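Descriptive structure summary
Read off the chains here:
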Amino acid sequence: LHLSIRRQRQMCIRDRFNQVSSIAFLEPVKTQLDNGVPVYYISGGSEEILKISFIFKAGKWHQPSPLIAASANKLMQEGSKNFTSAEIAEGIDQYGAFLDAEFAYDNANVTVYTLSKHLPHVLPFVKEVIAFPAFSEHEFEVYKQNAYEKFKINLEKVSFVAHTAFMEMLLGKNNPYGKKTEAHHFEQLSLEAIKKFHQQHYNFAHTTIIASGKVTEHDLKVLNQQMGRKDLLTPFTPEINHPSITEESSSEKTKHISKDGAMQSAIRIGRVMPNKNHPDYFSLQILTTILGGYFGSRLMKNIREDKGYTYGINAGIMSMQQAAFFYINTEVGVNVTDNALAEIYKEIELLQTVLVSDDELALVKNYILGQVLRSCDGPFNMASLFENVHFFGFNFEYYNNYIEKVKNIDAEELKKLAENYLKKEDLIEVVVGK
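Below: a short report on this structure. (Residues numbered from 1 in each chain as written. Predicted model: local features only at pLDDT ≥ 70, side-chain atom pairs only at ≥ 80, totals over all residues. Heavy atoms only, no water.)

Here the focus is the overall build of the protein. Each helix and strand counted, the protein has 17 helices and eleven strands in total. Taking 22 Å as the expected radius of gyration for a compact globule of 434 residues, we find that the protein reaches 23 Å, a close match to that expectation. With the C-alpha coordinates of the protein rotated into their principal frame, the extents come out at 60 × 55 × 35 Å. Relative to its 434 residues, the protein shows a buried fraction of 52%. Restricting to contacts in the protein with at least 6 residues of sequence separation, those with at least 24 account for 82%. Taken as a whole, the protein presents about 20400 Å² of accessible surface, with 48% of it coming from carbon and sulfur. (Helix = DSSP H or I, 4+ residues; strand = E, 2+ residues; numbered from the N terminus. Rg over C-alpha atoms; globule rule 2.2 N^0.38 Å. Buried < 20%, exposed > 50% of the residue type's maximum accessible area, 1.4 Å probe, protein only. Contact = heavy atoms within 4.5 Å. Areas by Shrake-Rupley, 256 points an atom, 1.4 Å probe, with all protein chains shown as cover.)

See below:
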């Protein structure tokens, strides 16, 4: 299976010597199951191998309190009404398939990789995981204890403390994206709350299926037979009534947390930014790539290579459906914390005062275009790209528009963006360690 995945190549149209002008994506075809669940499939490749993702509105944004989304996603995999977790694992493994479940800020996924010929045997186990998890009391107690022990270990890590403090300051202490997990949340976590969250959010009435690989009519028929039953739907629409980020984000701009015995300081700098729906988003992605988005970026050259303050530093923009934020992340020696901060702000100021040179801009443009090309290599990767923009209301033209922006942006526009979006007084700074 894994060898077959690696053999899926050369799905992008490119010129070996000239800058890419556009990408010939494999367009997704939309259909639906008998119960109305939408299915998008991208068919391509020479191997009879499939990736099928079941995507639910079950990420952090939708949880009523911390830990619920993560717990539901994890415990779904710990046995069903008809099978133990070991039986599910063995049932999937015997066909050489692979099952993965994960959650993020907005959505949660259950994804299966399998050979087409084994799809009828594998999907019943996937259905058990999604629709009929056991949620046993024993598994819940084991999970909660293990999660709490891991949490206590993380509290000793400057990077973990910095991240949670940064997100809380950035997005608001009551906002699901930014709300910090604390010890009392483990005490309050209940199996009933997890079951309710699963019932409401891992509901086929609110799911999207994205299939990729060499998808055939037979595969779609098998998918419909297993997942197209109307009794898998629950007539419930969860209401989300969270505070707006602009109302709840902190007025506090800096937070320094000392940690006895720390050898390093974790630094997080950033601010709320426009998300993918904003016209400046493409340009800001390019700007942050110059600052800290690749190995040859300005922050890497200065903080890592020239000064030797860190092993790595990066900058970027994280876009969720309800918000987005710019960030700079690094860990430096406690004795050079102040120096590192000064150099970071110096690099930001240079972007605001000095035009990016033609050579640097050409280098970054070629890097970004190369990354876009690599990210669309094969139907599985194209399916991931489609998922990344579909829930924002876009299609593959989004990426060709990005390519066009990369090719045409100039140094003057980048300088104006830095002046408007990277003002020091608008940035949040969190340091944990020193």
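There's more to say after this.
Counting across every chain of the model gives twelve salt bridges. The shortest N-O distance in the salt bridge between K74 and E78 comes to 3.7 Å. The partner of K346 in a salt bridge is E343, with the nearest N and O atoms 3.1 Å apart. Highlighted residues: K346 and E343, both in helix α13 (residues 337–353), separated by three residues, approximately one helical turn. Looking at E343, the relative accessible area reads 14%, which means it is buried. (Salt bridge = Lys/Arg side-chain N within 4 Å of Asp/Glu carboxyl O.)

What the rule picks out here adds up to 23 aromatic pairs. Ring centres of F151 and F186 lie 5.1 Å apart, and the angle between their planes is 45°; on these two criteria the pair is classed as tilted. A residue pair is termed long-range when its members are at least 10 positions apart, and F151 in helix α5 (residues 137–154) and F186 in helix α7 (residues 183–188) qualify at 35 residues. In this pair, the class of F151 matches that of F186, namely buried. Feature note: the residues F25, Y40, F282, F386, F394, F396, Y398, Y399 and Y402 constitute an aromatic cluster, connected by ring pairs. Here the guanidinium or amino end of K424 rests over the ring plane of Y345, the centre of that ring lying 4.3 Å away. (Phe/Tyr/Trp six-rings, centres within 6.5 Å; stacked < 30°, edge-to-face > 60°. Lys NZ or Arg CZ within 6 Å of the ring centre and 35° of its normal.)

Here we take up the sheet that holds strand β2 (residues 38–43). Backbone hydrogen bonds hold the strands of a sheet together, and the pairing may be parallel or antiparallel. Pairing is mixed in the open sheet, where six strands are placed in the order β1-β2-β6-β3-β5-β4. Unpaired on one side and paired on the other, β1 (29–32) and β4 (98–103) mark the two borders of the sheet. Shown here is a sheet whose adjacent strand axes are inclined to one another by a mean of 20°, direction ignored. Bridging between strand β3 (residues 49–56) and strand β6 (residues 207–213) involves seven bridges; their strand directions are antiparallel. (Pairing = 2+ DSSP bridges. Axes fitted to C-alpha atoms, helices over the stretch in contact; angles between N-to-C directions.)

The tendency in soluble globular proteins is for nonpolar side chains to be buried side by side. Core analysis: the biggest nonpolar cluster contains 64 residues, and I328 and I344 have the highest contact counts within it. Considering every element that reaches this core, the biggest residue donor is helix α11 (residues 281–292), with seven residues. Leave out the neighbours within four places in its chain, and I344 touches I267, I269, L299, I303, I313 and I328. Among the nonpolar cores identified, the runner-up in size contains 49 residues, and I92, V112, L123 and I209 belong to it. (Core = buried A, V, L, I, M, F, W, Y, C linked by side-chain atoms within 4.5 Å.)

Turning our eyes to something else, we now look at the environment of S71. Here S71 is to be found in helix α2 (residues 68–75). Assessed through its relative accessible area of 0%, S71 is described here as buried. Residues S71 and S22, spaced 49 residues apart in sequence, show a C-alpha to C-alpha distance of 41 Å. Excluding residues within four positions of it along the chain, S71 makes contact with Y143, L189 and I194.

Restricting attention to buried positions, one finds in helix α8 (residues 191–201) the residues L191, I194, F197, H198, Q200 and H201. Its buried side turned inward, α8 meets β3, α2, α4 (119–131) and α5.

Our focus in this paragraph is the environment of G213. Note that G213 resides in strand β6. It is 9.8 Å that separates the C-alpha atoms of G213 and N381, two residues lying 168 residues apart in sequence.

Taken together, the five strands give an open sheet; going across it, the order is β7-β11-β8-β10-β9, and neighbouring strands pair in mixed fashion. Lying at the two open borders of the sheet, with one neighbouring strand each, are β7 (254–258) and β9 (313–319). If you compare each strand with its neighbour and ignore which way they point, the axes differ by 15° on average. The pairing of β9 with strand β10 (residues 324–333) spans seven bridges and is classified as antiparallel. Considered in β10, the bridge of M318 is made with F325. Relative to the sheet, helix α6 (residues 158–171) contacts β7, β8 (264–272), β10 and β11 (428–433), its axis offset from that of β8 by approximately 20°.

If you want to describe how two helices pack, look at the angle between their axes and the distance between the axes. The interhelical angle for the contact between α11 and helix α14 (residues 358–375), taken along N-to-C directions, is 110°, at an axis separation of 10 Å. Considering the angle they form, α11 stands roughly perpendicular to α14. Seen from above, α11 lies across α14 with right-handed handedness. When α11 is examined against α14, the residues I286, T289 and I290 are found in contact with a partner set consisting of E360, L361, V364, Y367 and I368. Considering only residue class, the contact of α11 with α14 consists of six nonpolar, one polar and one charged. (Parallel < 35°, antiparallel > 145°, perpendicular 65-115°, else oblique. Left-handed = near helix turned anticlockwise from the far one by under 90°. Nonpolar A, V, L, I, M, F, W, Y, C, P; charged D, E, K, R; others polar.)

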